[in-house]
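# Survey of secondary and tertiary structure
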Amino acid sequence: RNEITAEVLRKDMECRIENHNRRAFMPRMTLIHRARIAGSIDNVGNATTISTATQPLDKLVGPVAASTVTFSTRVRASTPQEREHAQRMLIHDAGGNNSPGLNVREEIADSIMEIVGKVKAASSTTSYRVVDLRRLVDKSNPMVCDLALLSLVKRAVELGAFAVVELGGA
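This write-up is about the structure you can find in this document. If you're wondering where the values come from, they're calculated on a predicted model, not measured in any experiment.

## A short note on the sheet that holds strand E3 (residues 162–164)
Pairing is antiparallel across the open sheet formed by three strands, whose spatial order is E2-E1-E3. The open sheet is flanked by strand E2 (127–129) and E3, the only strands paired with a single partner. Across this sheet, the average inter-strand angle for adjacent strands is 40°, counted without regard to direction. As paired strands, strand E1 (residues 74–77) and E3 are joined by three bridges and run antiparallel to one another. Looking at the pairing, Arg76 lines up with Ala163 of E3. Seen against the sheet, helix H5 (residues 146–159) touches E1 and E3 and runs at an angle of roughly 95° to E3.

## Description of the side chain of Ser78
Tracing the sequence through the fold places Ser78 in the loop between E1 and helix H3 (80–93). Take Ser78: its relative accessible area is 6%, and that puts it in the buried class. The residues touching Ser78, leaving out its near neighbours within four places in the chain, are Val61, Arg83, Gly160, Ala161, Phe162 and Ala163.

Criteria and thresholds
- Residues numbered from 1 in each chain as written.
- Predicted model: local features only at pLDDT ≥ 70, side-chain atom pairs only at ≥ 80, totals over all residues.
- Heavy atoms only, no water.
- Pairing = 2+ DSSP bridges.
- Helix = DSSP H or I, 4+ residues; strand = E, 2+ residues; numbered from the N terminus.
- Axes fitted to C-alpha atoms, helices over the stretch in contact; angles between N-to-C directions.
- Contact = heavy atoms within 4.5 Å.
- Buried < 20%, exposed > 50% of the residue type's maximum accessible area, 1.4 Å probe, protein only.

Structure below.
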């Protein structure tokens, strides 16, 4: 006879989340790819994602760079110059209002902080693919799903904590 314990429930939930992430990966990538294509061309047919990058740093940090992040994007710790640029862009886009920081669910907060800490502690020449960031966590947390990682990286790039690695870069 099986008893229902906290450990049995935890293992069942981990299994369900892992199965969900496995099933959802390709549909998510398809949606992201479609959104990226749709977002890069406006109604008149002009490229918007790249054309809005008016300065070289716009492609690395800030809202424009964050809009290009996908699961296969490589990111690294930002430099002080890149962080300052991202903060200026956020203040400019918010009309002088302070933008909120990173909001994280309590269940994954420790894992997310560990990932952010390890990326920022690494040199700015060390880069990671978004899908590989989960490996930086010492103790696996099944609640850290692919979408949580993508959301984290997009926001971290927007805030200037992480920078996008350009093709041909580190």
